Amino acid sequence: MDIGKKLQALRKAHGLSQRELAARAGLTNGTISLIEQNKTSPSIASLKSLLDAIPMSVAEFFATLEDTDEEKFFYTTEEFTEVAPQNEHGALSFRQLGNAMKHTLQVLDELYPPSADTGPALMTHQGEEAGIVVFGEIEITVNDQVRVLGPGEGYLFDSTLPHRFRNISSKDCRVISACTPPTF
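Anyway, here's the lowdown on the structure attached to this text. (Residues numbered from 1 in each chain as written. Predicted model: local features only at pLDDT ≥ 70, side-chain atom pairs only at ≥ 80, totals over all residues. Heavy atoms only, no water.)

## What about the packing of aromatic side chains?
Alright, step 1. Following the criterion strictly, the structure yields six aromatic pairs and no others.
Alright, step 2. With a centroid separation of 6.4 Å and an interplanar angle of 35°, the aromatic rings of Phe-157 and Phe-165 are classed as tilted. Both residues of the pair, Phe-157 and Phe-165, belong to the buried class.
Alright, step 3. Joined through ring pairs, the aromatic side chains of Phe-94, Tyr-112, Tyr-155, Phe-157 and Phe-165 make up one cluster.
Alright, step 4. Over the ring of Phe-61 we find Lys-6; its NZ or CZ atom is 5.0 Å from the centre of that ring.
Alright, step 5. One residue, Lys-72, lies across the ring of Tyr-75, its end atom 4.9 Å from the ring centre. (Phe/Tyr/Trp six-rings, centres within 6.5 Å; stacked < 30°, edge-to-face > 60°. Buried < 20%, exposed > 50% of the residue type's maximum accessible area, 1.4 Å probe, protein only. Lys NZ or Arg CZ within 6 Å of the ring centre and 35° of its normal.)

Listed below in structure tokens is the structure:
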């Protein structure tokens, strides 16, 4: 997916200049320009701030609508939708199960390579988040609390609290998480 081109089309469809979107999102218009030209890839936190300013969820931005009106219950690995911005530095991967816009629950398969994180800025959004570490270790910051979780350990918190995820180890970390409502 061409994130820059899609963001630019979305910005223009909402009648926003780069400067106006930047002001709403708390970023510089130079950053918006670089993202739209695909010269830089936004962190999850930056992309969320940009989409909140439009407003649109990250899930909606990356959504691939299911092609059928038939109710779908089961998904192969290939049918998950990547909802994290990718770059050349081994970025994290958030793979969404199904179309979150059709449900009240969003389920993600998250993979954090070594040093990957959701960005330097703490995120906030409506709802609750929960997850369980499948393998590896992940440092999670929620409000003023920081904890490193390992396999089999989990978290559950109100997503309006500032939070961040970061792999501080030298090995990959996989987390299966859920968010309700699907606002991410």
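Still more to cover.
## Quick word on the environment of Gly-119
Alright, step 1. Tracing the sequence through the fold places Gly-119 in the loop between strand S3 (106-112) and strand S4 (128-135).
Alright, step 2. For the pair Gly-119 and Arg-166, spaced 47 residues apart in sequence, the C-alpha to C-alpha distance is 8.3 Å.
Alright, step 3. Apart from the residues lying within four places of it in its own chain, the contact partners of Gly-119 are Ser-43 and Arg-164. (Helix = DSSP H or I, 4+ residues; strand = E, 2+ residues; numbered from the N terminus. Contact = heavy atoms within 4.5 Å.)

## Structural notes on the pattern of salt bridges
Alright, step 1. Per the counting criterion, the structure on display carries eight salt bridges.
Alright, step 2. Salt-bridge contacts for Arg-24 lead to Glu-20; the nearest nitrogen and oxygen are separated by 3.2 Å. You can see Arg-24 and its partner Glu-20 sitting in helix H2 (residues 18-25), four residues apart, about one turn around the helix.
Alright, step 3. On the basis of relative accessibility, which here comes to 34%, the residue Glu-20 falls in the partly exposed class.
Alright, step 4. For Arg-164, the salt bridge is made with Asp-117, and the minimal N-O distance between the two is 2.7 Å. Placement of Arg-164 in strand S8 (residues 163-166) and of Asp-117 in the loop between S3 and S4 is noted, with a sequence separation of 47 residues between them.
Alright, step 5. Accessibility expressed as a relative area gives 18% for Arg-164, which makes it buried. (Salt bridge = Lys/Arg side-chain N within 4 Å of Asp/Glu carboxyl O.)

## Focus: the sheet that holds S3
Alright, step 1. Pairing within the open sheet is antiparallel, and its six strands lie in the order S1-S2-S3-S9-S4-S7. Lying at the two open borders of the sheet, with one neighbouring strand each, are strand S1 (81-82) and strand S7 (154-158).
Alright, step 2. As defined by bridge partners, S1 adjoins strand S2 (residues 93-96) across two bridges and the pair is classed as antiparallel. In the sheet register, Thr-81 faces S2, and the bridge partner there is Gln-96. (Pairing = 2+ DSSP bridges.)

## Digging into the pairing of strand S5 (residues 138-142)
Alright, step 1. The buried fraction of S5 is high, at five of five residues.
Alright, step 2. Residues Ile-138, Ile-140 and Val-142 point to one face of S5 and Glu-139 and Thr-141 to the other, with burial holding for every one of them.
Alright, step 3. As judged from the five bridges shared by S5 and strand S6 (residues 145-149), these two strands associate in the antiparallel manner. From the neighbouring strand, Ile-140 faces S6, where its bridge partner is Arg-147.
Alright, step 4. Following S5, the chain reverses through two residues before pairing antiparallel with S6; Asn-143 in that reversal takes a positive phi of roughly 60°.
Alright, step 5. The sheet contact formed by S5 and S8 spans four bridges and is antiparallel. Across the sheet, Val-142 pairs through a bridge with His-163, a residue of S8.

## Comments concerning the nonpolar core
Alright, step 1. Formed by 38 residues in total, the largest nonpolar core has its most connected members in Leu-51, Phe-61, Phe-94, Tyr-112 and Ile-138.
Alright, step 2. A total of five residues in this core trace back to one element, the largest contributor, which is helix H4 (residues 44-52).
Alright, step 3. Here Leu-51 is in contact with Leu-7, Leu-10, Met-56, Ser-57, Val-58 and Phe-61, once residues within four sequence places are set aside. (Core = buried A, V, L, I, M, F, W, Y, C linked by side-chain atoms within 4.5 Å.)

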